[in-house]
Amino acid sequence: MPKLGYLIDDRYLNHDPGSRHPESPKRLTAIREALSGYETNPRWRHVEPRPARLEELELVHRPSLLDQVEKASQQAPAQLDADTVVSSESYRTALLAAGGVLECVDAICAGDLQRAFAFVRPPGHHAEPDRAMGFCLFNNVALGAAYARVKHRLERVAVVDIDLHHGNGTQACFYDDPHVLYLSSHQFPFYPGTGAFNEIGLREGRGHSLNFPLPEGAGDATLVPIYAKIVGPILEQYKPELILVSAGFDAHFKDPLGGLTVTDQGYGSVAASLIRAADRTCNGKICFALEGGYNFEALRDCSRAVMQAMEAESTQELSVSDDPLFHHLSARARRFFGDIWQW
């Protein structure tokens, strides 16, 4: 049976960008509903977060960004950009979010866990080395990947981003680095404007940034086969020693910020494909970390669907017929990186 863990902490409520902001502390309350019963389930271990240290943050971020976020919190309420608001506790909460992912990475790399879900906030995948943006202060998953490379001496880490939005920050951190494979599906064109097919990496990193831009309206019949028939085989060729997942649930059809139509069952099937790839390549070592998702009901149901996939003995995909859009996207992908990866 897989060793399972989850991380959540009420201190993540302390980052408060305001009552009208989509990235609300109430998101964590919705996830607490999804976790009902897991706290007493002996199969699941609760992981305690810790604050990330400055030298750990500097694995991907410049000191100027750390100073900017800390000073903004001291002067709160303050805005780092039009979308990114900090309160007096935001800096400390962001340290705890980053450190929470690092604790999960430690537990997985030590063999104490195989599969973990870090329910952290604020989210991170838009944060670039020198810039906070898009609700994100520090890039939790990028830090997890860099930390796994340095602390645990892993040669190959895969980061898979299933958020509605492209993780421009994560891609920027590793764009010329073959030791981190970044794969993202996302609505396009849409915020933040990056994530086209032709963004495949530079120099030694060529072919290690792989994007699947989805038009508005795409749903399960497109997304599920992308992960089962393209991403899964690519991961098996790359053979990562750890898979990290930026688990954003704003591609759900109920989400107010996006235009995709994925269901919670679709998210569960995507998770199952990634878990199966982890089982085949890295002894099941996979860590999901919360990113977006702004409809509370969808956030709860998608979190539960992923956790059900995590605890399954054998992973099962949602039965859907591939739609013409999937075949069109597969053909486009072959044009841009089919000479590097096969599926």
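Look up: the structure comes first, before these words.
Note that this is a predicted model, so its numbers are computed, not measured. (Residues numbered from 1 in each chain as written. Predicted model: local features only at pLDDT ≥ 70, side-chain atom pairs only at ≥ 80, totals over all residues. Heavy atoms only, no water.)

**Considerations on the nonpolar core**
So, point 1. If you look at the biggest cluster of nonpolar residues, it comprises 112 residues, and the most contacted ones within it are Phe117, Phe138, Leu235, Ile243, Leu274, Phe288 and Phe337.
So, point 2. Here the element with the most residues in this core is helix H4 (residues 90-109); it accounts for 13 residues. (Core = buried A, V, L, I, M, F, W, Y, C linked by side-chain atoms within 4.5 Å. Buried < 20%, exposed > 50% of the residue type's maximum accessible area, 1.4 Å probe, protein only. Helix = DSSP H or I, 4+ residues; strand = E, 2+ residues; numbered from the N terminus.)

**Comments concerning the pattern of salt bridges**
So, point 1. One pass over the structure, following the stated rule, counts 19 salt bridges.
So, point 2. As a salt-bridge pair, Arg53 and Glu56 come within 2.7 Å of each other at their nearest N and O atoms.
So, point 3. Here Glu56 falls in the buried class, since its relative accessible area comes to 6%.
So, point 4. Arg92 serves as the salt-bridge partner of Glu89, at 2.7 Å between the closest nitrogen and oxygen. (Salt bridge = Lys/Arg side-chain N within 4 Å of Asp/Glu carboxyl O.)

**Details of the side chain of Asn139**
So, point 1. With respect to the element layout, Asn139 can be found in the loop between strand S5 (115-118) and helix H5 (140-151).
So, point 2. Take Asn139: its relative accessible area is 0%, and that puts it in the buried class.
So, point 3. For Asn139, the side chain forms a polar contact with the side chain of Thr170, separated by 3.2 Å. (Polar contact = N/O pair within 3.5 Å; in protein donor to acceptor, adjacent residues only side chain to side chain.)

**Some words on the environment of His327**
So, point 1. Residue placement: His327 occurs in helix H10 (residues 324-337).
So, point 2. Residue His327 is classed as partly exposed on the basis of its relative accessible area of 46%.
So, point 3. As a C-alpha pair, His327 and Ile226 span 101 residues in sequence and 9.3 Å in three-dimensional space.

**Comments concerning helix H3 (residues 63-74)**
So, point 1. An ideal rise of 1.5 Å per residue puts 16 Å on 12 residues; H3 measures up with 17 Å between its terminal C-alpha atoms.
So, point 2. All buried positions along H3 are accounted for by Leu65, Leu66, Val69, Ala72 and Ser73. End-on view of H3: buried residues confined to an arc of 135°, all on one side of the axis.
So, point 3. Turning to H3, the residues buried within the fold contact helix H2 (54-57), strand S3 (78-79), strand S4 (85-86) and H4. (Expected span 1.5 Å × (residues − 1). Arc of directions from axis to C-beta. Contact = heavy atoms within 4.5 Å.)

**Observations concerning the sheet that holds strand S1 (residues 4-7)**
So, point 1. Taken together, the eight strands give an open sheet; going across it, the order is S2-S1-S5-S10-S9-S6-S7-S8, and neighbouring strands pair in parallel fashion. Here the strands that pair on one side only, and so sit at the sheet edges, are strand S2 (44-47) and strand S8 (209-214). Each neighbouring strand pair of the sheet contributes to a mean axis angle of 15°, computed without reference to strand direction.
So, point 2. Sheet topology places S1 next to S5; four bridges connect them, and they run parallel. For Gly5, the partnering residue across the bridge sits in S5 and is Ala116. (Pairing = 2+ DSSP bridges. Axes fitted to C-alpha atoms, helices over the stretch in contact; angles between N-to-C directions.)

**Topic: the packing of helix H7 (residues 220-238) against H10**
So, point 1. The geometry of H7 relative to H10 is characterised by a closest axis approach of 9 Å and an angle of 30° between their N-to-C directions. The chirality of how H7 crosses H10 is right-handed. Contact residues: Ala221, Thr222, Pro225, Ile226, Lys229, Ile230 and Ile234 in H7; Leu325, Phe326, Leu329, Ser330 and Phe337 in H10. (Left-handed = near helix turned anticlockwise from the far one by under 90°.)

**A few points about the pairing of S8**
So, point 1. With six of six residues buried, S8 lies mostly within the body of the structure.
So, point 2. Covered by surrounding structure in S8 are Ser209, Asn211 and Pro213 together with Leu210, Phe212 and Leu214, the residues of both alternating faces.
So, point 3. Pairing analysis gives six bridges linking strand S7 (residues 180-187) to S8, with the strands arranged parallel. Residue pairing in the sheet places Gln187 in a bridge with Leu214 of S8.

**Here's the deal with the packing of aromatic side chains**
So, point 1. Applying the stated criterion across every chain, the model contains 12 aromatic pairs.
So, point 2. On the numbers, 6.4 Å between centres and 50° between planes, the contact of Phe117 with Phe249 is tilted. Residue Phe117 is found in strand S5, and its partner Phe249 is found in the loop between strand S9 (242-247) and helix H8 (264-281); the two are separated by 132 residues along the sequence.
So, point 3. Taking the relative accessible area as the measure of exposure, Phe249 reaches 1% and is therefore buried. (Phe/Tyr/Trp six-rings, centres within 6.5 Å; stacked < 30°, edge-to-face > 60°.)

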